[in-house]
Amino acid sequence: NPVQTQLNYTVSDNFALDKCWYSTNLGITNTTITCGTNVTGLDSGQGSSTWIVYANDTKGNQNSSNVTFFVDSVNPTASFVDPTETNNAQLTRNFIQVNISASDTNLDKILIRLYNSTNHEIRTNLSSTTPFFINYTGLTEGNYSFNATANDTANNQISTETRTVSLERPSLT
């Protein structure tokens, strides 16, 4: 959800409206407005917000309406950390290690994908905790690639670069 900058409302009364005002911080600060005029130039920021509009008529009757919403428009961060294989590594073994560190106030999940030499996805692993370490074992000789995606509860997401590694069988002596 994007940051909110506008407060739109309608107001009516059987008597003449006297005064209208709004608050974006639960009534701590109130700003007088012309009744029926929408407010622009606001900044809800990130997280939960409650905005309230008040109206008062010439008979002293007062009413209000509020809306509560949640804003999360910030992408998570994600990066490879040790002992993740370096890009274009040539390894003499049958396993690949991938470790992802992700960060976000509302982190939801981390997805790691492993591909074979024909770019066919052969393994997918999902976690909701960080760091997320996977040791892909029992792999055959050949080229592999891997990447990761992290997302948050508002479905903002980020993906790492794709790294490629080559596995060779150890020589027998």
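For the structure given in this document, a descriptive report is provided here. Every chain begins its residue count from 1, and numbering advances along the sequence as written. Side-chain atom pairs in this predicted model are given and counted only at pLDDT of 80 or more, local residue features only at pLDDT of at least 70, and totals for whole chains, interfaces and linings cover all residues. Think of the side-chain values as coming from all heavy atoms in the structure, minus any hydrogens and water.

Relative to the helices and strands, Pro2 is located in the segment before β1 (17–23). Burial classification: accessible surface area is computed with a 1.4 Å probe over protein chains only, and a residue below 20% of its type maximum counts as buried, one above 50% as exposed, and the rest as partly exposed. Note on Pro2: relative accessible area 55%, which makes it exposed. Distance in space between the C-alpha atoms of Pro2 and Thr50 is 15 Å, their sequence separation being 48 residues. Elements are defined by DSSP. Helices are runs of H or I of four residues or more, strands are runs of E of two residues or more, and each kind is numbered from the N terminus.

Two strands qualify as a pair provided that DSSP identifies no fewer than 2 bridges between them. Taken together, the four strands give an open sheet; going across it, the order is β2-β1-β3-β4, and neighbouring strands pair in antiparallel fashion. Of all the strands in the sheet, the pair left with one neighbour each is β2 (31–33) and β4 (62–71). Ignoring which end each strand starts from, the neighbouring axes of this sheet average 25° apart. Two elements, β1 and β2, share three bridges in a ladder whose sense is antiparallel. If you follow Trp21 over to β2, its bridge partner there is Thr32. Every angle, taken between N-to-C directions, lies between 0 and 180 degrees, and every axis is a line fitted to C-alpha atoms, over only the stretch in contact when it is a helix.

Now for the layout of surface pockets. Reported here for the largest pocket is a volume of approximately 220 Å³. A cavity, in this analysis, means grid points on a 1 Å lattice covering only the protein atoms where a 1.4 Å probe fits yet has no way out; a pocket is instead an open set bounded by protein on both sides within 12 Å along at least five of seven lines, and a residue lines either one if it has an atom within 4 Å of a point. Lining of the largest pocket is provided by 16 residues; of these, Val11, Tyr54, Ala55, Asn63 and Ser64 occupy positions nearest its centre. If you list the elements that add at least two residues to the lining of the largest pocket, you get β3 (47–57) and β4. Ranked by the residues each element gives to the lining of the largest pocket, the list is headed by β3, at five residues. Looking at the lining of the largest pocket, its residues break down into six nonpolar, eight polar and two charged. Grid points are joined across faces, edges and corners, and a volume is the space filled by probe spheres set on the points. Under the convention adopted here, Pro, Cys and the residues Ala, Val, Leu, Ile, Met, Phe, Trp and Tyr are nonpolar, Asp, Glu, Lys and Arg are charged, and Gly plus all remaining residues are polar.

As used here, the term nonpolar core means buried Ala, Val, Leu, Ile, Met, Phe, Trp, Tyr and Cys residues forming a set that is joined through side-chain atoms within 4.5 Å. Ile96, Val98, Ile100, Ile112 and Tyr136 are the most contacted members of the largest nonpolar core, which has 21 residues in total. Elements that contribute at least two residues to this core include exactly β5 (77–80), β6 (89–92), β7 (96–103), β8 (107–115), β10 (132–136), β11 (142–152) and β13 (163–168). Residues in contact with Ile96, not counting those within four places in the same chain, are Glu85, Leu114, Ile134, Asn135, Tyr136, Leu139, Tyr144, Phe146, Val165 and Leu167. Val39, Leu42, Val53 and Phe69 belong to the second largest nonpolar core, which has 12 residues in total. Whether two residues are in contact is decided by their heavy atoms, any of which lying within 4.5 Å being enough.

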